[in-house]
Amino acid sequence: MSANPTTRVLLVEGDGLVRSLITRLLRRRGLEVVEARDRRQAVEILTSDGPPIDGVILDIDKREPSVPAALEEIRRAAPTARLILTAAWGLDLPPGLTLLLKPYDAAELTLALQRAGL
């Protein structure tokens, strides 16, 4: 199943190789992908005058000082965007958020996108 080609997703991933691989998977699914290497760059993109972002895939790594603060910052910058979090460990999340545990494959990514409504 292919997503609407006008659906724009912001992928926030610090590892360039992983970011490139996930971007390819998302594009194969028919999504338009915008890349960010970190949360700061993501917020800049989300608050720019560019086309709206429909979804954000945000990687949370162990160096993130505050997961709730990261979520709040992204939500403030893009209140209507659907949010998927990726992490190498389990997180306690508020209801309505999708968590994708690393490592994940294309089928798991597709399922997370569907759960998030993307």
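Our subject is the structure listed above.
Chains are numbered independently. Their residues run from 1 in the order of the written sequence. Given that this is a predicted model, residues contribute local features only at a pLDDT of at least 70 and side-chain atom pairs are listed and counted only at 80 or more, while totals for whole chains, interfaces and linings are drawn from all residues. Hydrogens are left out, water is left out, and the side-chain values use all remaining heavy atoms of the structure.

Participant: Where do I start with the overall build of the protein in this structure?
Facilitator: On a plain count of helices and strands, the protein comes out with 4 helices and 5 strands. Traced from its N-terminal end to its C-terminal end, the protein shows the element sequence β-α-β-α-β-α-β-β-α. Computation of the radius of gyration draws on C-alpha atoms, with the globule rule given as 2.2 Å multiplied by the number of residues to the power 0.38. Computed over the C-alpha atoms, the radius of gyration of the protein is 13 Å, within 12% of the 13 Å expected from 2.2 N^0.38 for a compact globule of 118 residues. Overall size of the protein, expressed as C-alpha extent along the three principal axes, is 35 × 35 × 30 Å. Within the protein, the fraction of its 118 residues that count as buried is 44%. Throughout, a residue-residue contact means that at least one pair of heavy atoms, one from each residue, lies within 4.5 Å. In the protein, of all internal contacts separated by at least 6 residues, the share reaching a separation of at least 24 is 63%. The Shrake-Rupley method, run with a 1.4 Å probe, gives the accessible areas here. Residue values count only the displayed protein chains as cover. Put simply, the protein shows about 6600 Å² of open surface, and 53% of that area lies on carbon and sulfur atoms. Numbering of helices and strands runs from the N terminus, with a helix taken as a DSSP run of H or I at least four residues long and a strand as a DSSP run of E at least two residues long. Think of it in three bands: residues with accessible area under 20% of the maximum for their type are buried, residues over 50% are exposed, and the middle band is partly exposed, with areas taken using a 1.4 Å probe on protein chains only.

Participant: I would appreciate a short explanation of helix α2 (residues 39-46) in the present structure.
Facilitator: An α-helical turn contains 3.6 residues, so a residue and the one three or four places further along point in the same direction. For α2, the set of buried residues is Gln41, Ala42, Val43 and Leu46. Elements in contact with the buried residues of α2: β1 (8-12), β2 (32-36), β3 (55-59) and α3 (67-77).

Participant: Hey, could you run me through the packing of α2 against α3 in this one?
Facilitator: Any two packed helices are characterised by the angle at which their axes cross and by the distance between the axes. Here an axis means a line fitted to C-alpha atoms, over the contact stretch when the element is a helix, while the angle between two N-to-C directions is reported on a 0 to 180 degree scale. The geometry of α2 relative to α3 is characterised by a closest axis approach of 9 Å and an angle of 15° between their N-to-C directions. Between α2 and α3, the crossing angle belongs to the class labelled roughly parallel. In this structure, α2 crosses over α3, and the sense of that crossing is left-handed. Contacts between α2 and α3 pair Arg39, Ala42, Val43 and Leu46 from the former with Ala69, Ala70, Glu73, Ile74 and Ala77 from the latter. Classes in brief: Ala, Val, Leu, Ile, Met, Phe, Trp, Tyr, Cys and Pro nonpolar; Asp, Glu, Lys and Arg charged; the others, Gly included, polar. Tallied by class, residues from the contact of α2 with α3 come to 7 nonpolar, no polar and 2 charged. In what follows, roughly perpendicular refers to angles from 65 to 115 degrees, roughly parallel to angles under 35, roughly antiparallel to angles over 145, and oblique to any angle outside these ranges. The sense of a crossing depends on the near helix, which, turned anticlockwise from the far helix by less than a right angle, makes the crossing left-handed and, turned clockwise, makes it right-handed.

Participant: Help me understand the pairing of β3, please; the structure alone is not making it clear to me.
Facilitator: Consecutive residues of a regular strand have side chains that alternate between opposite faces of the sheet. Counting buried positions along β3 yields 5 of 5 residues, so the element is predominantly enclosed. Going residue by residue along β3, you find Gly55, Ile57 and Asp59 tucked away on one face and Val56 and Leu58 tucked away on the opposite face as well. Pairing analysis gives 4 bridges linking β1 to β3, with the strands arranged parallel. Within β3, the residue paired with Leu10 across the bridge is Val56. Note: two strands are recorded as paired if DSSP finds a minimum of 2 bridges between them. The sheet contact formed by β3 and strand β4 (residues 82-87) spans 5 bridges and is parallel. Across the sheet, Val56 pairs through a bridge with Leu83, a residue of β4.

Participant: Looking at this model, I keep getting lost on the packing of helix α1 (residues 16-28) against helix α4 (residues 106-116). Mind explaining?
Facilitator: Between α1 and α4, the shortest axis-to-axis distance is 11 Å and the interhelical angle comes to 60°. Crossing angle aside, the handedness with which α1 passes α4 is right-handed. For the pair α1 and α4, the contacting residues are Ile22, Leu25 and Leu26 in the first and Ala106, Leu109 and Leu113 in the second. Of the residues belonging to the contact of α1 with α4, the class tally is 6 nonpolar, no polar and no charged.

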